[in-house]
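# Observations on the three-dimensional arrangement
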Amino acid sequence: MPTPSLTKNALDFIKKMQHKHAKQVLLKILELCGNPTPPDSQKLEGNSEGYRRADIGEYRIVYRVAGDILEVLLIGKRNDDEVVGVKHLRL
């Protein structure tokens, strides 16, 4: 089972969230460690790095599995261009 690793941006976002929402997002990350490719996740288009996205409530988690690490790149609001447009990001 992969170990979660969050980028500074992801950690900063979680720290600013309401406690209830932060708990939901962190539980989803732990679920992704158990099953990194659940049916409700999607591979990001146009990227060969293996990044996926998973939604939890009004938030989106962008992540990938690299060896035994579940790397969480970004967490944000689902309707935020920063997260919605991440498929155009060169990683």
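Refer to the preceding data block for the structure.
Not measured: the values here are computed from a predicted model. (Residues numbered from 1 in each chain as written. Predicted model: local features only at pLDDT ≥ 70, side-chain atom pairs only at ≥ 80, totals over all residues. Heavy atoms only, no water.)

### A closer look at the nonpolar core
Formally: Think of a nonpolar core as a cluster: buried Ala, Val, Leu, Ile, Met, Phe, Trp, Tyr and Cys residues, connected wherever their side-chain atoms sit within 4.5 Å. Here's how the labels work: a residue is buried when its accessible area is under 20% of the maximum for its type, exposed when over 50%, partly exposed in between, all with a 1.4 Å probe on protein chains only. The helix and strand labels rest on DSSP assignments: H or I over at least four residues marks a helix, E over at least two residues marks a strand, and numbering proceeds from the N terminus. The contact criterion used throughout is that any non-hydrogen atoms of two residues lie within 4.5 Å.
Residues Val25, Ile29, Ile61, Tyr63, Leu70, Val72 and Ile75 are the most contacted members of the largest nonpolar core, which totals 15 residues. Elements with a contribution of two residues or more to this core: helix H1 (8-16), helix H2 (19-34), strand S4 (59-66) and strand S5 (69-77). Among the elements that make up this core, the one with the highest residue count is H2 (five residues). Leave out the neighbours within four places in its chain, and Ile29 touches Pro4, Leu6, Ile61, Leu70, Val72 and Ile75. In terms of nonpolar packing, the next biggest core, distinct from the first, is built from five residues, Leu44, Tyr51, Val62 and Leu73 among them.

### Quick word on H2
This is how the line gets drawn: Here, expected helix span is obtained from the residue count minus one, scaled by 1.5 Å. Comment: arc refers to directions from the helix axis out to C-beta atoms.
In a regular helix each residue adds 1.5 Å, so 16 residues correspond to 22 Å; H2 covers 23 Å between its end C-alpha atoms and thus fits that length. Buried within H2 are the following residues: His21, Ala22, Val25, Lys28, Ile29, Leu32 and Cys33. Along the long axis of H2, the arc covered by the buried residues comes to 150°, so they all point the same way. Of the exposed residues in H2, those oriented more than 90 degrees away from the buried face are His19, Lys20, Lys23, Leu30, Glu31 and Gly34. Summarising the contacts, the buried residues of H2 are in contact with strand S1 (3-6), H1, strand S3 (52-56), S4 and S5.

### A look at the sheet that holds S5
Selection rule: Only strands that DSSP links by at least two bridges are regarded as paired with each other. Comment: axis = line fitted to C-alpha atoms, over the contacting stretch for helices; angle = value between 0 and 180 degrees taken between N-to-C directions.
Within the open sheet, the five strands sit side by side as S1-S5-S4-S3-S2. Their pairing is mixed. Sheet topology places S1 and strand S2 (41-43) at the edges, where each strand pairs with a single neighbour. On average, adjacent strands in this sheet sit at an angle of 30° to one another, irrespective of strand direction. Along the sheet, H2 makes contact with S1, S3, S4 and S5, crossing S4 at roughly 30°.

### Observations concerning the side chain of Arg52
Heads up, the condition is: This count recognises Lys and Arg as positive and Asp and Glu as negative, with His and chain-terminal groups excluded. Any Lys or Arg side-chain nitrogen located within 4 Å of an Asp or Glu carboxyl oxygen qualifies as a salt bridge. Two N or O atoms count as a polar contact when they lie within 3.5 Å, although within protein this holds only if one can serve as hydrogen donor and the other as acceptor, and sequence-adjacent residues are included solely when both atoms are side-chain atoms.
On the secondary structure map, Arg52 appears in strand S3. Notably, Arg52 is buried but unbridged: the nearest opposite-charge side chain belongs to Asp40, and the N-O separation is 7.8 Å. Polar side-chain contacts of Arg52 include one of 3.0 Å to the side chain of Ser41. If we skip the residues at most four places from it in the chain, Arg52 touches Pro36, Thr37, Pro38, Ser41, Gln42, Lys43, Leu44, Ile61, Val62 and Tyr63.

Shape is all these values report; function is a separate question.
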